[in-house]
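Coordinate inspection notes
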Amino acid sequence: MRKENKIVTTILGVGSLILILTLVQWRYEKTNRTFTKEKANWLMNVSGQKYDVAFLGSSRVFNIVDPVLCDSLLHANTINLGIGGAAYAENYLVLHEFLKKNQIRALCLQADLWGVIPGDKAYSHPFSEEKYLYLIGDNKVDSIYKANSNPLKFYFRKYIPFFKYAEFNNIFSPDKMLLGINHDNPDNFNRSKGAALLSGRKEGVIFARWDSTRLQKSEISRNSVLSLCNIIELAKSRGIAVVLFCAPAYQPFMKELPLNATARDTIQNIADRYGVPYFDFQKSDISLDTNMFRDYTHLNKEGATGFTKALCDSINLINYGKNKEYSDLFTAYR
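What comes next is a walk through the structure. (Residues numbered from 1 in each chain as written. Predicted model: local features only at pLDDT ≥ 70, side-chain atom pairs only at ≥ 80, totals over all residues. Heavy atoms only, no water.)

Turning our eyes to something else, we now look at the overall build of the protein. The number of helices and strands found in the protein is 17 helices and five strands. Compactness check: the protein gives a C-alpha radius of gyration of 22 Å against a globular reference of 20 Å for 334 residues, within 12% of the reference. Taking the principal axes of its C-alpha atoms as reference, the protein extends roughly 85 × 50 × 40 Å. Counting over 334 residues, the protein shows a buried share of 51%. The contacts in the protein between residues at least 6 apart in sequence include a share of 80% that link residues at least 24 apart. Within the structure as shown, the protein displays about 16,300 Å² of accessible surface, and the carbon and sulfur contribution to it stands at 53%. (Helix = DSSP H or I, 4+ residues; strand = E, 2+ residues; numbered from the N terminus. Rg over C-alpha atoms; globule rule 2.2 N^0.38 Å. Buried < 20%, exposed > 50% of the residue type's maximum accessible area, 1.4 Å probe, protein only. Contact = heavy atoms within 4.5 Å. Areas by Shrake-Rupley, 256 points an atom, 1.4 Å probe, with all protein chains shown as cover.)

Printed below as a string of structure tokens:
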């Protein structure tokens, strides 16, 4: 009899713990969605919008393409979907989720060397799984998590209540998540339409000296190229016109990366395969002017303004060209 009581007590205890953790997780999920200081969360809260053009990529979009300026130059409604440090797998997830609530007429996707080499060679944290935990359970999101993070951890995150938030307790503190304390100001991204242009030069950057050793040892990644193709195919399946572009990087630095030529050929081949335009600004005048850069691969605010104008000029050329898919590109929502 005592043994049976212990079993019942254990079952009740475990059941109560699961219930408590499930309720705490529910509260965390609800709160997590409101923290719009993080660019990814801000994007997930945008809904019911119709955009003529969306710009997608890593920090080489987030900190470089100015959609407010694009609006005036293109006479269109645009948005910056770029997220710092995001490889194509994360870009794919963001686009997939964004299209659930919003419409896009054209997608301008940043395509460069860092996109087609292994994510862990290009970025310190190529897939930020902590940003999208509340989306786990969606079939597409689950498949992206399994392909780009530890599969065992994925199943723990999905099936063990609260595990995913306990794992990142340094980010999701109890006081913030349980009490719903939120000091975020979404107006910052609302005003800039998702961009964060940065002034000046990054501290410690010297344009006469750099270390490119890690990039020289890299190679083209099949998985990265596949993720790039997945983004193009997702957009095209929704009737979205796709444009590939490569933002300027400091030209003397890029010349020391032998793989860059192969990367550019790879991207051009992908553009040809899908029949999409590819604008490569790596040899533009901006690429030689150190005053336009924060570091070797990121433009500062002045450089971003100049590049945004050049990119819009290129988009306007195809917008009013003879290609039926791209002609009158920005008239659908007017």
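Having put the structure on the table, let's press on.
We now examine helix α16 (residues 259-274). Between the first and last C-alpha of α16 there are 23 Å, a value that for 16 residues agrees with the 22 Å anticipated at 1.5 Å per step. Restricting attention to buried positions, one finds in α16 the residues Leu259, Asn260, Ala263, Thr266, Ile267, Ile270, Ala271 and Tyr274. Projected down its long axis, α16 carries its buried residues within an arc of 135°, all on one side. Those residues of α16 that are exposed and angled more than 90 degrees off the buried face are Asp272 and Arg273. Positive backbone phi, at 65°, marks glycine 275, one or two positions downstream of α16. (Expected span 1.5 Å × (residues − 1). Arc of directions from axis to C-beta.)

Within the structure shown, the criterion is met by 15 aromatic pairs. A centroid spacing of 6.1 Å and a plane angle of 35° characterise the contact between phenylalanine 245 and phenylalanine 307, whose relative ring orientation is tilted. With phenylalanine 245 in strand β4 (residues 241-246) and phenylalanine 307 in helix α17 (residues 301-319), this pair connects stretches of sequence that are 62 residues apart. An angle of 85° between the planes, with centres 5.1 Å apart, marks the rings of phenylalanine 281 and phenylalanine 307 as edge-to-face. In this pair, phenylalanine 281 sits in the loop between β5 (278-280) and α17 while phenylalanine 307 sits in helix α17, placing the two residues 26 residues apart along the sequence. Neither residue differs from the other here; phenylalanine 281 and phenylalanine 307 are each classed as buried. Cation over ring: lysine 39 sits above phenylalanine 189, and NZ or CZ is 6.0 Å from the ring centre. (Phe/Tyr/Trp six-rings, centres within 6.5 Å; stacked < 30°, edge-to-face > 60°. Lys NZ or Arg CZ within 6 Å of the ring centre and 35° of its normal.)

Once that is clear, we can look at the pattern of salt bridges. Taken as a whole and judged by the stated rule, the model has 12 salt bridges. Residues lysine 164 and glutamate 29 are paired through a salt bridge, measuring 3.3 Å at the closest nitrogen-oxygen approach. Here lysine 164 is found in helix α10 (residues 163-167), whereas its partner glutamate 29 is found in helix α1 (residues 2-32), with 135 residues between them in sequence. Both residues of the pair, lysine 164 and glutamate 29, belong to the buried class. (Salt bridge = Lys/Arg side-chain N within 4 Å of Asp/Glu carboxyl O.)

Our focus in this paragraph is the sheet that holds strand β3 (residues 103-110). Overall, parallel pairing links the five strands, which are arranged β2-β1-β3-β4-β5 in an open sheet. With one partner strand each, in any of the chains shown, β2 (78-80) and β5 form the two edges of the open sheet. Averaged over all adjacent pairs, the angle separating strand axes in this sheet is 20°, with direction ignored. Across five bridges, the pairing between β3 and β4 is parallel. The partner of cysteine 108 across the bridge, within β4, is valine 243. (Pairing = 2+ DSSP bridges. Axes fitted to C-alpha atoms, helices over the stretch in contact; angles between N-to-C directions.)

In terms of residue burial, β4 counts as a mostly covered element, since six of its six residues are buried. A two-sided burial pattern is seen for β4, the buried positions comprising Ala241, Val243 and Phe245 on one face and Val242, Leu244 and Cys246 on the other. Note that β4 and β5 share three bridges and pair parallel. If you follow phenylalanine 245 over to β5, its bridge partner there is phenylalanine 279.

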